[in-house]
Amino acid sequence: MGASTREHEESAGSAEPAAAPAWRGRVEQFEVGDPGRAATRVVPVPDESAWDRRDTVLDGVALKDGGRRVVAELRAASVRGLAHRAYGTVRQDEYGYRRTPDGRYLVVGVADGVSAGALSHKAAVAAARRGVNMLVHALRTTAPDRMPWPDFLRAVAAEIEAIGRKRLAATGTADPHAVPLREVANLLATTVLYAVVDLVPVAGAHEVHLVSVGDTSAWVLREGGRWEPQQAVKNDGAEVHSSSVQALPLLPAALPPPVRTTVAPGEALVLVTDGVGDPLGHGAGAVGRFLAEVWAAPPASGLEFAAQVGFARRSYDDDRTAVALWPVAGT
Amino acid sequence: MESDKAKLLPFYLVIDVSASMSGSKLEQANQIMPKVVDALADAPILSDKVRFGVIDFGSDAQVRLPLCDLLDDEVTLPALNVRGATSYAAAFRLLRAELESNVKQLKADGFQVHRPAVFFISDGEPTDRDEEWRAAFRDLTENFPIYPNLVPCGVDDANPRTLATLIHPASGPKAMRMYLMEQGQNPADAIAMIAEILISSMLASGQSMAQGNSGLILPAQQDLPSGISAYSSDDFV
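Remember, it's a predicted structure, so these values are computed and weren't measured experimentally. (Residues numbered from 1 in each chain as written. Chains lettered and ligands numbered in written order. Predicted model: local features only at pLDDT ≥ 70, side-chain atom pairs only at ≥ 80, totals over all residues. Heavy atoms only, no water.)

## A closer look at helix 3 (residues 88–108) of chain B
All names here are of chain B.
- In this model, helix 3 (21 residues) spans 30 Å end to end at C-alpha, consistent with the 30 Å of a helix rising 1.5 Å per residue.
- Tyr88, Ala89, Ala90, Ala91, Phe92, Leu95, Glu98, Leu99, Asn102, Val103 and Leu106 are the residues of helix 3 that are buried.
- Directly after helix 3, the chain includes Gly110, whose backbone phi takes a positive value near 90 degrees. (Helix = DSSP H or I, 4+ residues; strand = E, 2+ residues; numbered from the N terminus. Expected span 1.5 Å × (residues − 1). Buried < 20%, exposed > 50% of the residue type's maximum accessible area, 1.4 Å probe, protein only.)

Shown next as structure tokens:
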């Protein structure tokens, strides 16, 4: 120890130019406006009922065509909210993505477990990951524009319901199958949004099919930083703020029709839970400008994207999840 | 544009400073604000959303602490002093005016405002004419879209029957409760306990908000400090 210190002093005292520092880099919080106290003062604590549930998950990958050409860049992150960190509750958001084996379609699922349900994170995992898997399977035989979406959503709802009934059985409910579905939903429920993106562009643009239950939202970030919502914005025109949401395993009486849009190079398809959607609002405010700037092009890494998703802004402390896809122009 | 709205949770303390409140009761009343500050300092999720204001009333009513972020460096806590009679009418009128202008301003500033919570602490009967304070109370709670969740708290000579009529909403899923000092309890200690109830309901409401709910959460009877009891509006007829 002493020897190495001496060596260091000798080299520092020599006339040679200063050596490059041995390391560099930093992690810094993104802030939009007043970051609030929670961003720096919350002491994160674990949820002691779910040790294997990660605080933050993220991805940053390029999708290639059959050869070496990159067709699209994908960034994804799901970040536990400050309130859940402070109160020791798991992240209830989840995302999943998967490409069909033929390489044609990218399937993305984004889910937001309903806060009140103790197992809602399991509903979100089932909807986002298992749901994406089921959808990829269905796409082997059915094109997206012919997909029987109500049947598919019913199948996802059944998966979630089965998890709930299994848990009820494990915790001593005598006849879990007699429990009304609404009560199962009190234990676990989730919003979900699915996107099927055709990775083969037509006239340079990729077709996107979107289906959702609840307030998880899809946007296309058009050129010039304009946020284009792909469905009605939450609470628009509502007199009072409403926190009741549609969520699986309960199926809404009328499923909203699938939305079709396109996304082209220079634009991004962005799917978000309300932890991002609420501060984003209509996209015209400070958060909309911030995300439009940093997502004008794909961030360098999944880690950087996750840091941006986790931006600090006073009083916004919900779980945050975003999956974004940037098509890349062919050469 | 309706965009990007942060949520706020306004709390008001409306406190009786009539002559009978002098001495140790006033001392404890003056401890409420610093206790709330300490609680918020340890609860950053909540302190980012709570706004707190204080109105006191004797013969008249005064805004002693305009609705504010209590942890803001520029905030100076006022010292409460006793003055005169017990005008509930003056308190309700000023509270209504404050609610109206504060909420209007916060909405204009782009916030999404939760229904205000009011802890009303008194140690005696109103000295105004009955129909006068009752009319002022109706103006505060009926046909007023910004009506507060009103939690009356009584110590010493406060009349339970009178205070029970101030619980608002009095019924329904979001009914409020009243907190009363038990017989023989030291009234100054009771004020300190009411401060605890105010703080725990603030913390519980913040946590409930984090679970996607809205509304004021009041502590249940078994969680109350001894010496204080909770009542609903139909406990007194």
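Moving on from the coordinates now.
## Points about the interface of chain A and chain B
- Contacts between the two partners involve 29 residues from chain A and, on the opposite side, 23 residues from chain B.
- Contact between chain A and chain B buries roughly 2100 Å² in total, counting both sides, with carbon and sulfur atoms accounting for 46%.
- Taken together, the links from chain A to chain B amount to three salt bridges.
- Put simply, Asp69 of chain B and Arg314 of chain A hold a salt bridge, and the shortest N to O gap is 2.9 Å. (Contact = heavy atoms within 4.5 Å. Buried area = accessible area lost by both parts, 1.4 Å probe. Salt bridge = Lys/Arg side-chain N within 4 Å of Asp/Glu carboxyl O.)

## Quick word on the packing of aromatic side chains
- For the structure shown, the criterion picks out 15 aromatic pairs over all chains.
- Ring centres of Phe290 of chain A and Phe311 of chain A lie 5.7 Å apart, and the angle between their planes is 70 degrees; on these two criteria the pair is classed as edge-to-face. Residue Phe290 of chain A is found in helix 8 (residues 286–294), and its partner Phe311 of chain A is found in the loop between helix 9 (302–309) and strand 11 (320–327); the two are separated by 21 residues along the sequence.
- Members of the aromatic cluster, each reached through a chain of ring pairs, are Phe57, Tyr88, Phe92, Phe120, Trp133 and Phe137 of chain B.
- Positioned above the aromatic ring of Phe311 of chain A, the side-chain terminus of Arg320 of chain A is 4.0 Å from the ring centre.
- Across the ring face of Tyr147 of chain B, the terminal group of Arg115 of chain B is positioned such that the distance to the ring centre comes to 3.7 Å. (Phe/Tyr/Trp six-rings, centres within 6.5 Å; stacked < 30°, edge-to-face > 60°. Lys NZ or Arg CZ within 6 Å of the ring centre and 35° of its normal.)

## Some details on the nonpolar core
- Residues Phe11, Val36, Phe52, Phe92, Phe120, Tyr179 and Met202 of chain B are the most contacted members of the largest nonpolar core, which totals 81 residues.
- Broken down by element, the residue count for this core peaks at 10 residues, all from helix 6 (residues 187–210) of chain B.
- Once residues lying within four places of it in the same chain are set aside, the contact partners of Phe92 of chain B are Phe120, Trp133, Ala136, Phe137, Leu140 and Leu166 of chain B.
- Listed in part, the 31 residues of the second largest apolar core include Ala128, Leu188, Val211 and Val213 of chain A. (Core = buried A, V, L, I, M, F, W, Y, C linked by side-chain atoms within 4.5 Å.)

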